[in-house]
Amino acid sequence: MTVRTRKRLAGGAALPSLGLLLSGCSQNRIAQDTLNPAGPYSRKIDSLFWPVFWIAVAVFFLVEGLLVFSLYRFRHREGRGVPKQVHGNKRLEITWTIIPAVLLLGVAVPTIGTIFSLSRKPPGRPLQITVVGHQWWWEVKYPQQKFTTANEIHIPAGQPVYVAVTSIDVIHSFWVPRLAGKQDLEPNRVNHLTIQADRPGVYLGQCAEFCGASHANMRLRVFAEDQSHWQAWLADMEKPAPQPPPAVLSIMQAKGCGGCHTIDGVQGFAADIGPNLTHFGNRSTFAGATFRNNVQNLTNWLKNPPGVKPGADMPDLHLTPDQIQTLIAYLEANQ
Ligand code: HEC
Ligand SMILES: [Cu+2]
């Protein structure tokens, strides 16, 4: 390989990597951006991140600078002897042990402080919700209000929300970067974190612990709302669910929907293998917030769930187009 082809190859590899790197700088207002905190809890992490980052930058340039300088200054030259050897020099050894130790201590103190302050339960009687991880969707319970939903979390803006997280199967990780750090969802264990948004808006989240085939399709949305929207949403969710009309109920009973799903107030529909379908029409997305909730996407879903979401635990139930239409009419009206 000539030097020129080698250079060309290196350039060819560098360009796409540079493109990938720069794409990280794109400005997408609802992106999952840790460096763009939208609440006090994510801001605490942000204000720890920046000083640690700049210390790391200074250390990097100092160490790499000394290395490059030495490589150049003491490079081999005809007739030049071995440079002065400093191995075992006590004063140098002590200096370059103490400086990093002091730096690490300087980083550790605020880090530990932040970890403790993030893990404290907010004072007073905060809104509490429970998020249960399933392969590959989020069950969201509001125990104080006594209802359950999925994949979309509504919270009042400007207030801390204490979130209990656990898992029904494997380890997942709850991550809404603009509102808080990551927290693992572990089977047989309850962890906690607090989320809070300064302002109303939609904040995107994602499972951050590889959990199988559709890990990438395990997303979530947090809707932070002003008081009037929040109260209106609560009122909608607390309404009794519209009961399935006989035509819908007979399809659902024949296909065993109730063996996996709950519809409040409908006998035989009290399972949590799949999302609670009470007020399904209220959600803007479904299946791990992977698809927009519209007739087209629901049709594709009911036709063959694992066909559109790899590994999905809802099987192809061989529904006819007519059955699908009847089910969708009910599901979408189920506000
Ligand atoms: C064997 C269990 C099982 C059966 C039977 C089943 N489902 Fe599901 N369903 C699931 C699971 C699991 C999910 C979540 C899949 C995911 O997001 O990965 C789901 C998701 C859904 C969703 C999307 C909900 C959301 O908010 O994400 C709808 C709608 C749905 N099912 C409707 C039905 C209907 C209607 C029937 C009966 C015709 C049915 N399901 C039968 C397990 C089942
Ligand atoms: Cu997961």
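Please read these numbers as outputs of a predicted model, since none were measured by experiment.

In this section: the nonpolar core. Core analysis: the largest hydrophobic core is formed by 34 residues, its most contacted members being Trp138, Ile153, Phe174 and Ile195. Contributions of two or more residues to this core are made by strand S1 (127–134), strand S2 (137–142), strand S4 (152–156), strand S5 (161–167), strand S8 (191–195), strand S9 (201–207), strand S10 (219–225) and helix H4 (227–238). In terms of residues, this core owes the most to one element, H4, which gives four residues. By size, the runner-up hydrophobic cluster in this structure holds 24 residues, among which are Ala241, Cys257, Ala312 and Leu319.

On to the pattern of salt bridges, then. Pairs can form between side chains of opposite charge once their charged atoms are near each other. Counted according to the given criterion, the structure contains three salt bridges. Across the salt bridge formed by glutamate 186 and arginine 189, the nearest N and O atoms sit 3.8 Å from each other. When the shortest N-O distance is used, the salt bridge between aspartate 236 and lysine 239 registers 3.3 Å.

Take the coordination of the iron atom of ligand 1 next. Coordination of the iron atom of ligand 1 by the protein comes from His261 (NE2) and Met314 (SD), over a distance range of 2.0 to 2.2 Å. Between the six donor atoms coordinating the iron atom of ligand 1, the angles at the centre fall across 87 to 179 degrees, so the site counts as octahedral. Note that histidine 261 is positioned in the loop between helix H5 (246–255) and strand S11 (285–286) and methionine 314 in the loop between helix H7 (305–308) and helix H8 (321–333), a separation of 53 residues in sequence. The class of methionine 314 is buried, set by a relative accessible area of 18%.

Okay, the side chain of arginine 283 next. Locating arginine 283 in the fold gives a position in the loop between H5 and S11. Salt bridges are absent for the buried arginine 283, whose nearest opposite-charge side chain, glutamate 152, sits at 6.4 Å. A polar atom in the side chain of arginine 283 sits 3.2 Å from the side chain of threonine 149. Polar side-chain contacts of arginine 283 include one of 2.3 Å to the backbone oxygen of asparagine 276.

Another aspect to go through is the domain arrangement of the chain. Split into domains, the chain comes out as domain 1 (127–238) and domain 2 (246–333). Listed per partner, the contact involves 21 residues of domain 1 and 21 residues of domain 2. Regarding the contact of domain 1 and domain 2, the summed buried area is about 1,700 Å², with carbon and sulfur atoms giving 46% of it. Here domain 1 and domain 2 share zero salt bridges between them. Residue assignment for the side of domain 1 that touches domain 2 shows that the elements contributing at least two residues are S2, strand S3 (147–150), S10 and H4.

Reading guide: rules and limits
Residues numbered from 1 in each chain as written. Chains lettered and ligands numbered in written order. Predicted model: local features only at pLDDT ≥ 70, side-chain atom pairs only at ≥ 80, totals over all residues. Heavy atoms only, no water. Core = buried A, V, L, I, M, F, W, Y, C linked by side-chain atoms within 4.5 Å. Buried < 20%, exposed > 50% of the residue type's maximum accessible area, 1.4 Å probe, protein only. Helix = DSSP H or I, 4+ residues; strand = E, 2+ residues; numbered from the N terminus. Salt bridge = Lys/Arg side-chain N within 4 Å of Asp/Glu carboxyl O. Donors = N, O, S within 2.8 Å, 3.2 Å for Na, K, Ca; no water. Tetrahedral: all angles 85-135°; square planar, octahedral: opposite > 155°, others 65-115°. Lys, Arg positive; Asp, Glu negative; His and termini not counted. Polar contact = N/O pair within 3.5 Å; in protein donor to acceptor, adjacent residues only side chain to side chain. Domains from an automatic or database assignment. Contact = heavy atoms within 4.5 Å. Buried area = accessible area lost by both parts, 1.4 Å probe.

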